[in-house]
Amino acid sequence: MKASAFAYARATSVANALELLAVHGEKARVLSGGQSLIPAMNLRLVAPEVIVDIGGLAELRGIVIEGETLVIGALTRHADLLKSSDIVKCAPLLAAAVAHIAHPAIRNRGTIGGSLAQADPASELPACMLTLGASIVVRGPGGERRIAAEEFFRGIYETQLAPQDLLVAVELPVADSGSAHFFQEFARRHGDYAITGLAAQAVLEGDRFAALRLGYFAVGDRPVLAEAAGKLTGVTVTPALLAEASDALSDELDPHEDQQATPAMRRHLARILLTRCMASLLKRPDLQIGGVA
Amino acid sequence: MSSIRTNPERLSVLDRPNSYIGKTVPRPNLDRLLQGRGSYVSDLELPRMAHVVFLRSPHAHAKIVNIDVAPAKQMSGVIAVVTGEELAAVITPWVGVLSHLKGLKSAPQSAIAVGRVCWQGEAVAAIVATSRAAAEDAAEHVAVQYEELEAATDMRTALDPATPIIHASLGDNLAFERIHEAGAVDQAFAESDAVVEADFVFGRHTGVTLEPRSVVASWNAAEARLTIHQGTQAPHMVQNIAALHLGLRDSQVRVVCKDVGGSFGIKVHIYADEMATYALAKMLRRPVKFVADRVESFNTDIHARDHRCKGKIGIKRDGTITAFEIDDLTGIGPYSMYPRTSAIEANQVVNLVGGPYSNKNYRARARVVFQNKNVMCQYRAVGHPIACSVTEGLVDLAALEIGMDPVEIRRRNLIADDAYPCTSPSGLRFEQLSHHASLTKIVEMMDYQALRSEQARLRKDGIFRGIGIASFIEVTNPSAAFYGVGGARISSQDGVAVRLDAQGSVICLTSITEQGQGSESLTAQIVGSVLGVSMDRVRVVLGDTDMTPYGGGTWASRGAGIGGEAALQATKVLRQNILDVAAAILQASPAELDIVNNVVVSASDGTPRIDLNELARIVYFRPDTLPPGIQPELMATRHFVPREYPFAFTNGVQAAWVEVDTDTGFVKLLRHWVVEDCGTIINPQLVDEQIRGGVVQGLGAALFEKCIYDDRGQLTNANMADYLVPMSGEMPDIDVGHVVSPTRESELGAKGAGEAGTAGAAAAVTNAVNDALTPFETIITEIPLTPQVILTALKKI
Ligand SMILES: Cc1cc2nc3c(=O)[nH]c(=O)nc-3n(C[C@H](O)[C@H](O)[C@H](O)COP(=O)(O)OP(=O)(O)OC[C@H]3O[C@@H](n4cnc5c(N)ncnc54)[C@H](O)[C@@H]3O)c2cc1C
């Protein structure tokens, strides 16, 4: 299929992009990597009248460390994240996650800003933002504001972004040297959107978690920071405790049904991920063998 | 080699010096395709060419109350908006039946729906415009008023009295039924030590060609001729059908088919939208292009395999299989496809179940029902994956029941390699198969015993791996028995014309077609070898009904075996003609001469005598210097069709080694092996890659591919994100081995190799998954084996 006719504007600056968005409002769409927007237009699922292409705005692209904060420009491509040594050092979870996004051709074009604005609940990066406690930096008619990742995602393809807003960057705290991460997802084929996935980050003190954040994706209409993590923090994790936490996880998740999985299957896979995550982060294979799930 | 030829004449043709037969040589068309210089219909642009887009029904079953085309006609770039009624004045409807499939019935189908739509995706109007985009814009402004009718979607209830009858004139939804009985089935079951039953379920899937179906039809009013550029497997069939329904003679239709981006059986049928495109070109007197987009490909390219088959096997303690019984049910959509019909797959299932085994007792029933879903028809390895999965699944269940190793039970029951010729209980005649040699070879290749030990060791660590074996037979080189005897004008013979040009190169026109399987290469290899010229001097022309001899094309694994033999025979004649002329020029006898490396040489010592270039110069430009009475014929044509056996059966065996994650239900394919016997191998790499490609499609069926319909007949995953084709990341290494039993029906001895991979792959994987899951005492007989299916079977969810 062919997209319906649209007007095209290549923004010359962030200010120019914001002007264009202010003028055209809901009739306009920002174009970043185009890996979600263009297929949707070709299928005529969306038919924007104006495309505001921000692809040339170098100021929106790049990764910088500012003290204890890692700033990633909205136009930074998935492939950039994958090969950045700063990411490996300061947010290794992201490097692990990005390898699961689609295929090289798509990673060469798709951007972090596009992925977060798209807010597909099965996407890796939104969940990572929750896990890592990111702030989403947004510029709109009223100036710049920061939105906590936990507040940013509002539902399937829904965020706090208004039609006139531009997502310009994300800010992440630089990971502690003592922190550990775990990333795993279940997808039918390499590069497919996940059926269920977990992006976890922890700080360990001896054999216990001083901090533990479990960002699940593809288990509901938006990424979920599991509260069950609380049960596993500050205590020695035993199989019984893990079972209890898994039950709590099952209760708090409200997964959807689709062609890949029923809600029951998603809950089941979420528990498996929790078990595997604990075994991996705590280096306790015993937790997995004859596991709770 | 399991069989050695003794006929010295045969040896001389295939084993001549510098022969290309049996050698991996690069395909002559590679440079063209890799440099992007292929000629695909989807790229074709003609002067004044218009584009057609079909507005398609969103309903599975509905009455068309009204179509308002007026607003769309006003839109810019729109040339015409045509409804089914209007087009019916140009092209007649058709009924997809064949007389040898007794009782098969179907209803007349129109190029564009008239009055009623019978599946979601059926075309209701054609919008012709100056560009595809303009036509799509206009399509949004064609207002169709539907009155939804109840849809019959579930094949299991299609014959229930409560289910609406899709075509009232047919009386019921039963398209075809076949019942077959051989031997003494009841007695055999009664005398068995155990009888095992299972219900097998196969997901509906489709071919997903890289290049979608594409047509450019162009009517030349001055010549009263239609030229159809189409990516098809069977140009002469398209010519005949187009002419028939447009009221033309065959000679008024030319079909041109150059490069095709994949077919797999998808492009061997006549589709309503393609017929509509021919008719529109004639109606509008200008070229019209139709290229299916991906969504309409999923909704309209034929689907296949949607079967539910109950199976039963009788077994003795010593491992002897006593009987097979099946009851197969399949839903084919609202029409039997034209002209090959949609009864063939079920018919094949009846033919093929139990085929590799020496058992004589067999009962089968197959029922083919109509439903309000997209049409189903022949796709790579028609019926074989179903027959093979049922047969091999039952054999493994029987082995499990009596505690016998799966390899051993096959050894005890496969038809002995020296028992040929013989006939199966379903009446198939086998010339020479090699089941035991193949099994022995695969057991060796995979190191079966070592895998069994590894499996046992890993099980202790909670790692569940399984081995699956599947023996199979495969229909290739079909004679007229497939379609011709049923009244279809689909040729089973093929022809090849070879001509020496004025510089000693060869032009070869063949009626087989190329969609990537290597038809061009194998033809050039045969011609070059038999004639004694290098392959770079052989140019192969295919796919043009104005130029090539008449023939069937490429489908049913027939190109090499039938078209290859025609090439061999034509080239033998040309060679003899050349030697006759050379003898006259050289004042020698033809028997003293040979052609090697583009030069006529002395047969005895290879001394060069006259270059083909020089010979051609004399023939074409100085015939006055030839001895009187000599009229050289440097062009020769031969045709071939197998006559003795209706089909050349091939055989083989596949093995899968898989790991099942019993926590998640995910299956990892670790390794796959195939041993097959396609007779003479012309190009080992082409054969191996045909096998591998076929296996990958079979693995897609086993784990991934399924057209998911809801109960209202809506296809819910008509896109590449939700319909999962197998991708390289998930594919295992596939090792291919061969046993060679040439067919004696032809001098070439080649049988087909294009479908064997697809035939047995899913069966091997399903058996392997069940083998891995033996500790859990669960048997799964449904594909695709999705994580959801496996977790459910394991009662984890
Ligand atoms: C075959 C395939 C497989 C894929 N698999 C995965 C996968 O496994 N996991 C995954 O996460 N993703 C996957 N994707 C999506 C891919 O990651 C996209 O890159 C991403 O979702 C969107 O990024 P983009 O830069 O391409 O955004 P675009 O497509 O350009 O835009 C997406 C949406 O975001 C809006 N937008 C973009 N940038 C901004 C901005 N700066 N401010 C405000 N709004 C903005 C656009 O207007 C649009 O609505 C896949 C895509 C394809 C084609």
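Remember, predicted model here, so these are calculated numbers, not experimental data.

Attention now goes to the environment of Leu225(A). All names here are of chain A. Along the chain, leucine 225 turns up in strand β14 (residues 224–225). Along the primary structure leucine 225 and threonine 69 are separated by 156 residues, whereas in three dimensions their C-alpha atoms are 21 Å apart. Setting aside residues no more than four positions away along its own chain, leucine 225 makes contact with Leu130, Thr131, Glu150, Arg213, Leu214, Gly215 and Glu252.

Following the UniProt record, one finds the feature "domain: Aldehyde oxidase/xanthine dehydrogenase a/b hammerhead" (unreviewed entry) at residues 35–150 of chain B. End C-alpha to end C-alpha, residues 35–150 of chain B measures 52 Å, and it is 15% helix and 30% strand.

With that settled, the discussion passes to the site of the ligand. Residue and element names in this part refer to chain A. Around the ligand, 29 residues are found, and the nearest of them are Val30, Ser32, Leu37, Thr111 and Ser123. Within the side chain of histidine 78, a nitrogen or oxygen atom sits 3.0 Å from an oxygen atom of the ligand. Coverage of the ligand by the protein chains reaches 89% of its 970 Å² of free accessible surface. Only β2 (28–31), α7 (112–118) and β10 (166–173) provide two or more residues apiece to the shell around the ligand. For the shell around the ligand, the leading source of residues is α7, giving four residues.

The subject of this paragraph is the pattern of salt bridges. Applying the stated criterion across every chain yields a total of 59 salt bridges over all chains. A salt bridge links Arg213(B) to Glu274(B); the nearest nitrogen and oxygen atoms lie 2.8 Å apart. Of this pair, Arg213(B) sits in the loop between β9 (205–206) and β10 (214–220) while Glu274(B) sits in helix α8 (residues 272–284), placing them 61 residues apart in sequence. Comparing Arg213(B) with Glu274(B) shows no difference in burial state: the two are buried. Through salt bridges that share partners, Arg44(A), Arg56(B), Arg132(B), Glu136(B), Asp137(B), Glu140(B), Arg213(B), Asp273(B), Glu274(B), Asp293(B), Glu296(B) and Asp301(B) make up one connected network.

Our focus in this paragraph is the pairing of strand β2 (residues 62–68) of chain B. By the bridge criterion, two bridges tie β2(B) to strand β4 (residues 116–117) of chain B in an arrangement that is antiparallel. Residue pairing across strands places Lys63(B) opposite Arg116(B), the latter belonging to β4(B).

Residues and elements named next belong to chain B. With mixed pairing, the four strands of this open sheet are ordered in space as β20-β28-β29-β30. Each edge of the sheet is formed by a strand with only one pairing partner; in this case those strands are β20 (464–476) and β30 (733–738). Strand-to-strand, the axes of this sheet are offset by a mean angle of 15°, without reference to chain direction. One ladder, built from six bridges, connects strand β29 (residues 667–677) with β30; its direction is parallel.

To continue, consider the interface of chain B and chain A. One frequent convention defines the size of an interface as the accessible area lost when the parts assemble. Taken together, the contacts link 31 residues of chain B with 23 residues of chain A. For the pair chain B and chain A, the summed buried surface comes to about 2,300 Å²; carbon and sulfur atoms form 55% of the total. The largest per-residue losses of area from chain B upon contact with chain A belong to Phe666(B), Leu724(B) and Gln788(B), which jointly make up 22% of the total buried on that side. Counting every contact that joins chain B to chain A gives five salt bridges. Put simply, Asp137(B) and Arg44(A) hold a salt bridge, and the shortest N to O gap is 2.8 Å.

Among the structural elements, Met1(A) can be located in the segment before β1 (7–10). Sequence spacing of Met1(A) and Leu274(A) is 273 residues, and the spatial spacing of their C-alpha atoms is 42 Å. Apart from the residues within four sequence positions on either side, Met1(A) is in contact with Asn42(A), Leu43(A), Arg44(A), Glu136(B) and Asp293(B).

Residue and element names in this part refer to chain A. Under the domain assignment, chain A is made up of domain 1 (7–53), domain 2 (59–173) and domain 3 (179–287). Put simply, the middle of domain 1 and the middle of domain 2, counted by C-alpha atoms, are 19 Å apart. Each partner contributes to the interface: domain 1 provides 13 residues, whereas domain 2 provides 16 residues. In total, about 1,200 Å² of surface goes out of reach between domain 1 and domain 2, with carbon and sulfur atoms giving 69% of it. Among the residues of domain 1 in contact with domain 2, Val14, Leu18 and Gln35 are the three that bury the most area, contributing 43% of the side total. Counting the contacts that link domain 1 with domain 2 gives zero salt bridges. Here domain 1 is connected to domain 2 by zero residue pairs in polar contact (both at pLDDT 80 or more). Per-element accounting of the side of domain 1 that touches domain 2 gives the leading share, five residues, to helix α1 (residues 14–24). For the side of domain 1 that touches domain 2, the residue count by class is six nonpolar, six polar and one charged.

Turning our attention to the packing of helix α7 (residues 235–246) of chain B against α8(B). All names here are of chain B. Between α7 and α8, whose axes approach to 11 Å, the crossing angle comes to 55°. Classified by the angle between their axes, α7 and α8 sit oblique to one another. α8 is crossed by α7, and the crossing has right-handed handedness. Contact residues: α7 offers Val238, Ile241, Ala242, His245 and Leu246, while α8 offers Met275, Tyr278, Ala279 and Lys282. Looking at the contact of α7 with α8, its residues break down into seven nonpolar, one polar and one charged.

On to the packing of aromatic side chains, then. All names here are of chain B. Here the structure, examined in full by the defined rule, presents 13 aromatic pairs over all chains. Centre to centre, the rings of phenylalanine 482 and phenylalanine 647 are 5.1 Å apart; their planes meet at 75°, and the pair counts as edge-to-face. A residue pair is termed long-range when its members are at least 10 positions apart, and phenylalanine 482 in the loop between β20 and β21 (494–500) and phenylalanine 647 in the loop between β27 (635–640) and β28 (648–660) qualify at 165 residues. Note on accessibility: phenylalanine 482 and phenylalanine 647 belong to one class, buried. Seen in terms of ring centroids, tyrosine 483 and tryptophan 555 are 5.6 Å apart; in terms of plane orientation they differ by 65°. Their pairing is edge-to-face. One end of the pair, tyrosine 483, is in the loop between β20 and β21; the other, tryptophan 555, is in the loop between β23 (538–542) and α16 (559–586), and 72 residues separate them in sequence. The pair tyrosine 483 / tryptophan 555 is uniform in exposure class, with both members buried. Three or more aromatic residues link up through ring pairs in this structure, and these residues are Phe430, Phe482, Tyr483, Trp555, Phe647 and Phe649. Stacked on the ring of tyrosine 483, the Lys or Arg arginine 340 has its end atom at 4.9 Å from the ring centre.

Take helix α11 (residues 239–252) of chain A next. Owing to its 3.6 residues per turn, the α-helix brings residues three or four apart onto one side. Residue and element names in this part refer to chain A. An ideal rise of 1.5 Å per residue puts 20 Å on 14 residues; α11 measures up with 20 Å between its terminal C-alpha atoms. Of all the residues in α11, the buried ones are Leu241, Leu242, Ala245, Ser246, Ala248, Leu249 and Ser250. For α11, the elements touching its buried residues are β13 (208–217), α10 (229–232), α12 (263–281) and α13 (285–288).

Time to look at the confidence of the model for chain B. All names here are of chain B. Here chain B averages 96 in pLDDT, while 98% of its residues score no lower than 70. Here residues 1–11 scores under 50 on pLDDT; set against residues more than four positions off or in separate chains, the count is 22 contacts. At the level of chain-chain contacts, confidence expressed as ipTM amounts to 0.96, with global pTM at 0.96.

This part takes up the UniProt feature "domain: FAD-binding PCMH-type" (unreviewed entry) in chain A. Mapped onto the present numbering, the UniProt feature "domain: FAD-binding PCMH-type" (unreviewed entry) falls at residues 1–177 of chain A. End C-alpha to end C-alpha, residues 1–177 of chain A measures 50 Å, and it is 34% helix and 26% strand.

Residue and element names in this part refer to chain B. Within the secondary structure, serine 521 is located in helix α15 (residues 519–531). A relative accessible area of 1% places serine 521 in the buried class. Excluding residues within four positions of it along the chain, serine 521 makes contact with Val25, Pro26, Arg27, Pro28, Glu514, Met535, Asn683 and Leu686.

What counts, and where the lines are drawn
- Residues numbered from 1 in each chain as written.
- Chains lettered and ligands numbered in written order.
- Predicted model: local features only at pLDDT ≥ 70, side-chain atom pairs only at ≥ 80, totals over all residues.
- Heavy atoms only, no water.
- Helix = DSSP H or I, 4+ residues; strand = E, 2+ residues; numbered from the N terminus.
- Contact = heavy atoms within 4.5 Å.
- UniProt positions renumbered as here; feature names shortened; annotations may be inferred.
- Near = heavy atom within 4 Å.
- Polar contact = N/O pair within 3.5 Å; in protein donor to acceptor, adjacent residues only side chain to side chain.
- Areas by Shrake-Rupley, 256 points an atom, 1.4 Å probe, with all protein chains shown as cover.
- Salt bridge = Lys/Arg side-chain N within 4 Å of Asp/Glu carboxyl O.
- Buried < 20%, exposed > 50% of the residue type's maximum accessible area, 1.4 Å probe, protein only.
- Pairing = 2+ DSSP bridges.
- Axes fitted to C-alpha atoms, helices over the stretch in contact; angles between N-to-C directions.
- Buried area = accessible area lost by both parts, 1.4 Å probe.
- Domains from an automatic or database assignment.
- Nonpolar A, V, L, I, M, F, W, Y, C, P; charged D, E, K, R; others polar.
- Parallel < 35°, antiparallel > 145°, perpendicular 65-115°, else oblique.
- Left-handed = near helix turned anticlockwise from the far one by under 90°.
- Phe/Tyr/Trp six-rings, centres within 6.5 Å; stacked < 30°, edge-to-face > 60°.
- Lys NZ or Arg CZ within 6 Å of the ring centre and 35° of its normal.
- Expected span 1.5 Å × (residues − 1).
- pLDDT = per-residue confidence, 0-100.

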